[in-house]
Amino acid sequence: MERLDALARHSDEPGKLTRLYLSAAHKTAAEELAGWMREAGLTVSIDALGTVVGRYESAIPGAPALLFGSHIDTVRDAGRYDGALGVIAGLVAVEELAKRHEKFPFAIEVVAFGDEEGVRFPTTLTSSRALAGNFDPAVLDACDAEGVSLRKALIAFGCDPAAIASVAKSREQVLAYVEVHIEQGPVLESSNLPVGVVTAINGVRRLTVAVTGEAGHAGTVPMRLRRDALAAAAEMVLAVERIANSLSNIMATIGRMEVFPCAVNVIPGSVQFTIDVRSPDDMHRDAATEEITRSIRKIAADRRVELSISTTHEAPATACSPVMIDALSRAIKNLGYATRLLPSGAGHDAMAIAKLCPVGMLFVRCAGGISHNPKEAISLQDADICVRILLEFLCNFKPA
Ligand code: HGY
Ligand code: MN
Ligand code: MN
């Protein structure tokens, strides 16, 4: 818990926790984490996308590895457990094994990905996709709000974009991936359970919508002659909410909106906003996205504003490995806890790693199900339980 508090001190914004991919705070957090890993006796490297990898060698040198990990980037004004808990829980479990001088016929690698939230650049899961061998070089030209490209940010962080291909793990190098993560929802707390096992992770599609009307004088342009980009965008936002409410198993969120020129006495000429659409069922999600874009286009036509819609991210719904679900459930039962299976509404690096090897996720109860919010909290007892379950899982893990 002290380490999670220490990591939370690495922030790009004073007074709140915001640690974006490849930022100064990401750099100092990665370095502090690397230090803890070295003290635990792990061999540490930071790969060409900024992922911190700590390897606990096997009894058989060069043996394939079981991966434990999650992400250390955060959203803006974040809680301190989303992502970081999975990295620290993995580190603490391996530290315990090192103390016991226990070795396994496989290695263990604790990985700390840097781009799961996708807040800085219009892409996400960059570092975990690269480790799974699915890095898309086109994202190197993606730029953040200041116009800094991912390529430039990697170089500033101390990474070499030319070495990205070497980040990819081959199937033979890895056995499976286990991610401990706060539930970010109310199910475990309402069931009075400390942990749960994830069955599948909802798929997600992210869009950027640009609405272009006509800037004008707030005092002189008659209401009926206006092509107000913000009034149009506001009607679109409510249409998205209405459509998502009308469909089962669809979540749709407008998380970000920029208004230009954003002056009290100017009719907004253009607006840009994001839409995040989620569902456990990809077909259903695509149909909902179709309905949303149709409705937005109609509003744009009625209001005589121009419109452009682009998809910035898409990740299909991802099933966790039945073998991993079973192994994690058994570890939970062996320690005397009831096993609860549940889906994940939130996205995770496990979606990217599932393309490489079997993945499993252990959810940990969080207070009020609150996340992406500084009020995010877990109990010391539950933090202790999740590490004990990881150790129980490890000691019974039989490579397939
Ligand atoms: O957006 C998500 O679901 C995750 O927190 N990045
Ligand atoms: Mn997360
Ligand atoms: Mn998150």
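Residues numbered from 1 in each chain as written. Chains lettered and ligands numbered in written order. Predicted model: local features only at pLDDT ≥ 70, side-chain atom pairs only at ≥ 80, totals over all residues. Heavy atoms only, no water.

Q: Tell me about helix 5 (residues 150–157), residues and numbers included.
A: For helix 5, every residue scored as buried is listed here: Leu150, Ala153, Leu154 and Phe157. Axial view of helix 5: buried residues confined to an arc of 100°, hence all on one face. In helix 5, the exposed positions angled more than 90 degrees off the buried face are occupied by Lys152, Ile155 and Ala156. Buried residues along helix 5 sit against helix 2 (24–39), strand 1 (43–46) and helix 4 (126–131). (Buried < 20%, exposed > 50% of the residue type's maximum accessible area, 1.4 Å probe, protein only. Helix = DSSP H or I, 4+ residues; strand = E, 2+ residues; numbered from the N terminus. Arc of directions from axis to C-beta. Contact = heavy atoms within 4.5 Å.)

Q: Any details on the site of ligand 1? Residues and values, ideally.
A: The local shell around ligand 1 consists of Glu116, Glu117, Arg206, Arg278, Ala346, Gly347 and His372. Within the side chain of His372, one N or O atom sits 3.1 Å away from an oxygen atom of ligand 1. When the free accessible area of ligand 1 is taken as 210 Å², the share hidden by the protein chains comes to 93%. In terms of residue class, the shell around ligand 1 is made up of one nonpolar, two polar and four charged. (Near = heavy atom within 4 Å. Polar contact = N/O pair within 3.5 Å; in protein donor to acceptor, adjacent residues only side chain to side chain. Areas by Shrake-Rupley, 256 points an atom, 1.4 Å probe, with all protein chains shown as cover. Nonpolar A, V, L, I, M, F, W, Y, C, P; charged D, E, K, R; others polar.)

Q: Explain the pairing of strand 16 (residues 359–364) residue by residue, including any values.
A: Of all six residues in strand 16, six are buried, a share of seventy percent or more. The alternating pattern of strand 16 places Val359, Met361 and Phe363 and Gly360, Leu362 and Val364 on opposite faces, both of which are buried. Bridge count for strand 5 (residues 174–182) against strand 16 is six bridges, and the pairing is parallel. For Tyr177, the partnering residue across the bridge sits in strand 16 and is Val359. Across three bridges, strand 6 (residues 195–201) lies against strand 16 in antiparallel orientation. Bridging from a neighbouring strand, Gly196 pairs with Phe363 of strand 16. (Pairing = 2+ DSSP bridges.)

Q: Go over the coordination of the manganese ion (ligand 2), please, and point to the residues and values.
A: The manganese ion (ligand 2) binds to the protein through His71 (NE2), Asp82 (OD) and His181 (NE2); the donor distances cover 2.1 to 2.2 Å. For the manganese ion (ligand 2), the single-chain donor residues occur in sequence as H-x10-D-x98-H. Between the manganese ion (ligand 2) and the manganese ion (ligand 3), the interatomic distance is 3.4 Å, and Asp82 donates to each metal, bridging them. With His71 in strand 3 (residues 65–71) and His181 in strand 5, this pair connects stretches of sequence that are 110 residues apart. Look at His71 and you get buried, because its relative accessible area is 0%. (Donors = N, O, S within 2.8 Å, 3.2 Å for Na, K, Ca; no water.)

Q: How would you sum up the pattern of salt bridges? Please name residues and give values.
A: A complete count under the given rule lists 23 salt bridges for this structure. The residue Glu235 makes a salt bridge to Arg303 at a minimum N-O spacing of 2.6 Å. Remark: Arg303 occurs in the loop between helix 8 (282–302) and strand 13 (306–315) and Glu235 occurs in helix 7 (residues 229–246); sequence separation between them is 68 residues. When its relative accessible area of 31% is taken as the criterion, Arg303 is described as partly exposed. A single network of salt bridges, built from pairs that share partners, joins Arg205, Asp282, Arg285, Asp286 and Glu314. (Salt bridge = Lys/Arg side-chain N within 4 Å of Asp/Glu carboxyl O.)

Q: Describe the coordination of the manganese ion (ligand 3), listing the residues and the values that go with them.
A: Distances from the manganese ion (ligand 3) to its protein donors, Asp82 (OD), Glu117 (OE), Glu117 (OE) and His372 (NE2), fall within 2.1 to 2.8 Å. Using a relative accessible area of 7% as the deciding quantity, one classes Asp82 as buried.

Q: Tell me what's going on with the side chain of Ser70, and back it up with residues and numbers.
A: Mapping Ser70 onto the fold places it in strand 3. Here the side chain of Ser70 touches Gly83 through a polar contact of 3.4 Å, landing on its backbone oxygen. Excluding residues within four positions of it along the chain, Ser70 makes contact with Gly83, Gly86, Val87, Val111, Ala112, Phe113, Tyr177, Glu179, Val180, His181 and Asp349.

Q: Can you explain the domain arrangement of the protein chain? Please cite residues and give values.
A: Structurally, the protein chain comprises domain 1 (2–201 + 317–396) and domain 2 (203–315). Relative placement of domain 1 and domain 2: their C-alpha centres are 33 Å apart. Contact with domain 1, which involves 13 residues of that partner, is made by ten residues of domain 2. Across the domain 1/domain 2 interface, buried area totals approximately 740 Å², and carbon plus sulfur atoms make up 45% of it. Here domain 1 and domain 2 share zero salt bridges between them. Linking domain 1 with domain 2 are four residue pairs in polar contact (both at pLDDT 80 or more). Of the residues in the side of domain 1 that touches domain 2, the class split is six nonpolar, five polar and two charged. (Domains from an automatic or database assignment. Buried area = accessible area lost by both parts, 1.4 Å probe.)

Q: I'd like to hear about the nonpolar core, residue by residue, with values.
A: Of all hydrophobic cores here, the largest spans 104 residues; its most connected members are Leu33, Leu42, Ile108, Leu154, Tyr177 and Phe393. For this core, the element with the most residues is helix 3 (residues 84–99), which contributes ten residues. Residues within four places of Ile108 in sequence aside, it is in contact with Gly54, Arg55, Tyr56, Leu66, Phe68, Val94, Leu97 and Leu394. (Core = buried A, V, L, I, M, F, W, Y, C linked by side-chain atoms within 4.5 Å.)

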